[in-house]
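# Examination of the molecular architecture
In case you want the letters, here they are:
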Amino acid sequence: MGYIMTESNRSAMVSPLSPVTGEDHTHRMLQLRRQTDPAWVTTVLADFDPFLLDHAACERKASASAMSFVVRYGDRPALLDPLIALAREELEHFHQVYRIIESRGLQLSADTRDPYIHALSEHVRSGRDERLLDRLLMFGVVEARGCERFGLVGKHHTDPELAAFYQDLTVSEARHHGLFLRLAREYFSVKTIEARLDELLDVEAKVVAGLDLRPALH
Ligand SMILES: [Fe+2]
Ligand SMILES: [Fe+2]
């Protein structure tokens, strides 16, 4: 398998404030095949309120997705305890982002379709095993992209509290990335995982390349 975050290499991801440049290697540590355009973080920081509203929605959906695995795969016991814990942790992230939203006098916004998740979901195969493998790997890759992008916000936000909050989230997302890959290994061979992950990482790089720049996580 490729690179998995450990306690020792995580610290390398949290860098002091520095100008927005293309010189960030986090995406490679996470196996991502395309680095986020530096213009993305500029777009986000220039219009942070809508980014926060979108971020809250992403945390809420991450919690709901973890619970949807639990409902669907009751016969795969190795998944259940870690994914119930993940659902709680993502809900806690939602709560934390909600508190920031509330403190800024903003209102939660209505749900909209996330173009990135929608495009990735189109590559999830049908068939019980194929679907499980693809969803575990897809969510693993989504966590990796979240880790990379929260890291950019944490690195470049000028408010020290918000910068620290996003740096903390980066550590969580790296851990979640590793969790999904470990869960895949409970039910699939390394060879099967590597072959499919290779395809999905290419898909993800193309999807990211096609995203419009907007003040949103994706
Ligand atoms: Fe989260
Ligand atoms: Fe996460």
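What comes next is a walk through the structure. Keep in mind that this is a model prediction, so the values were computed, not measured.

Secondary structure assignment for the protein yields nine helices and zero strands. A burial count over the protein gives 35% of its 218 residues as buried.

With that settled, consider the environment of Arg60. Looking at where Arg60 falls in the secondary structure, it is placed in helix α4 (residues 48–72). What makes Arg60 partly exposed here is the crowd of 19 C-beta atoms within 10 Å. It is 8.8 Å that separates the C-alpha atoms of Arg60 and His95, two residues lying 35 residues apart in sequence.

A few words now on helix α9 (residues 190–209). With 20 residues, α9 extends 28 Å between its outermost C-alpha atoms, agreeing within 8% with the 28 Å of an ideal straight helix rising 1.5 Å per residue. Of the surrounding elements, those touching the buried residues of α9 are α6 (115–121), α7 (128–156) and α8 (160–187).

Let us look at helix α5 (residues 77–103). For α5, which comprises 27 residues, the first-to-last C-alpha distance of 40 Å matches the rise-based estimate of 39 Å (1.5 Å per residue) to within 8%. Within the sequence span of α5, burial applies to Leu79, Leu83, Leu86, Glu90, His93, Phe94 and Val97. In this structure, the buried residues of α5 make contact with α4 and α8. Just past α5, the residue Gly105 takes up positive phi, approximately 75°.

Bringing the packing of α4 against α5 into the picture now. Close contact between α4 and α5 brings their axes to 8 Å; oriented N to C, the two are set at 160°. The angle between the axes of α4 and α5 places the two elements in the roughly antiparallel class. For α4 against α5, the interelement crossing comes out left-handed. Tallied by class, the residues present in the contact of α4 with α5 amount to 20 nonpolar, three polar and three charged.

What counts, and at which threshold
- One numbering rule holds for all chains: residues counted from 1, following each sequence as written.
- As they are written, the chains are lettered A onward and the ligands numbered 1 onward, keeping that order.
- Only residues with pLDDT of at least 70 are given local features in this predicted model, and only at 80 or more are side-chain atom pairs given and counted; all residues enter the totals for whole chains, interfaces and linings.
- Think of it this way: any DSSP run of H or I at least four residues long counts as a helix, any run of E at least two long counts as a strand, and we number them from the N terminus.
- Put simply, a residue is buried when 20 or more other C-beta atoms lie within 10 Å of its own C-beta and exposed when 12 or fewer do; between those, it is partly exposed, and each C-beta is set from the backbone.
- Multiplying one less than the number of residues by 1.5 Å gives the expected span of a helix.
- The contact rule is simple: place each C-beta atom from the backbone, and if two of them lie within 7 Å, those residues are in contact.
- Lines are fitted to the C-alpha atoms to define the axes, a helix being fitted only along its stretch in contact, and any angle between axes, read from their N-to-C directions, falls within 0 to 180 degrees.
- Roughly parallel refers to an angle under 35 degrees, roughly antiparallel to one over 145, roughly perpendicular to one between 65 and 115, and oblique to any angle outside these ranges.
- Crossings are classed by handedness, with left-handed meaning an anticlockwise turn of the near helix from the far one by less than a right angle and right-handed meaning a clockwise turn.
- Three categories are distinguished: nonpolar for Ala, Val, Leu, Ile, Met, Phe, Trp, Tyr, Cys and Pro, charged for Asp, Glu, Lys and Arg, and polar for the others, with Gly belonging to the last.

By themselves, these are just geometric observations and shouldn't be taken as functional.
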